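Tertiary structure, described
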Amino acid sequence: MKLIIFLSLVAAVLGNDATIAIEMFTAIDINSDRAILLDEMMTCFNNDDVNADGFLSLQEFTAGKHPGAPPLDIEDAFKFFDKRDKQEDDRLDRSAAVFLFIGLDTNENGVISLEEFIKNYEKLFADDEEN
């Protein structure tokens, strides 16, 4: 209960962008320990990979349990990650999840905290718009 209150307060202070980041963090933090490990990120990828072919199609990505991928619409988010996996081919391989993990784990300790996630989630997409 304290976590829910804390997250609500953070969202209120930081606005809608923080709310979205908190929703994303919560969806990925499978064991609810307030830390995301690469294994959790890969589990989310595998759960979204409905046909278990090792790739996410746009349909699988769109149907995933994540609450979208603001600041981009869902199709632009898919294209963003497709450019970063091994091949731009209208499907995402597991390296897209690794890219996301590395981009959010800025202190490179192998764990993404809620604070890191909030601080770096939109920045990851903003850096792309600048290039």
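Quick caveat, the model's predicted, so the values are computed rather than measured.

Basis of the calculations
- Residues numbered from 1 in each chain as written.
- Predicted model: local features only at pLDDT ≥ 70, side-chain atom pairs only at ≥ 80, totals over all residues.
- Heavy atoms only, no water.
- Helix = DSSP H or I, 4+ residues; strand = E, 2+ residues; numbered from the N terminus.
- Buried < 20%, exposed > 50% of the residue type's maximum accessible area, 1.4 Å probe, protein only.
- Contact = heavy atoms within 4.5 Å.
- Areas by Shrake-Rupley, 256 points an atom, 1.4 Å probe, with all protein chains shown as cover.
- Polar contact = N/O pair within 3.5 Å; in protein donor to acceptor, adjacent residues only side chain to side chain.
- Lys, Arg positive; Asp, Glu negative; His and termini not counted.
- Salt bridge = Lys/Arg side-chain N within 4 Å of Asp/Glu carboxyl O.
- pLDDT = per-residue confidence, 0-100.

Right, let's get into the overall build of the protein. On a plain count of helices and strands, the protein comes out with 7 helices and 4 strands. Residue burial in the protein is summarised as follows: out of 131 residues, 40% are buried. Within the protein, contacts between residues at least 6 apart in sequence are counted, and of these 48% link residues at least 24 apart. When the accessible surface of the protein is split by element, carbon and sulfur atoms take 55% of a total near 7700 Å².

Here the focus is the environment of Asp53. You can see Asp53 is positioned in the loop between helix H3 (38–48) and strand E2 (55–56). In this structure Asp53 comes out as partly exposed when scored by relative accessible area, which is 39%. A C-alpha to C-alpha distance of 9.4 Å links Asp53 and Asp93, two positions 40 residues apart in sequence. A polar contact of 2.9 Å, which involves the side chain of Asp53, links it to the backbone nitrogen of Phe55.

With that settled, the discussion passes to the side chain of Glu60. Mapping Glu60 onto the fold places it in helix H4 (residues 58–63). Although Glu60 lies buried, it forms no salt bridge, and the closest oppositely charged side chain, Arg91, sits 8.8 Å away as judged by the N-O distance. Within polar-contact distance, the side chain of Glu60 engages the backbone nitrogen of Asn51 at 3.2 Å. A polar contact is formed between the side chain of Glu60 and the backbone nitrogen of Ser57, at a distance of 2.9 Å.

Further remarks concern the confidence of the model for the protein. Counting all residues, the mean pLDDT for the protein is 80, and 77% of those residues have values of 70 or more. Ranking the elements of the protein by mean pLDDT puts helix H1 (residues 2–14) last, at 39, and strand E1 (residues 35–36) first, at 97. Below pLDDT 50 for its whole length, residues 1–15 participates in 13 contacts with residues either more than four positions away or in separate chains.

A few words now on the environment of Ile74. Tracing the backbone through its elements, the reader meets Ile74 in helix H5 (residues 74–82). Relative accessible area serves as the criterion here: at 25%, Ile74 is assigned to the partly exposed category. Distance in space between the C-alpha atoms of Ile74 and Thr62 is 6.5 Å, their sequence separation being 12 residues.

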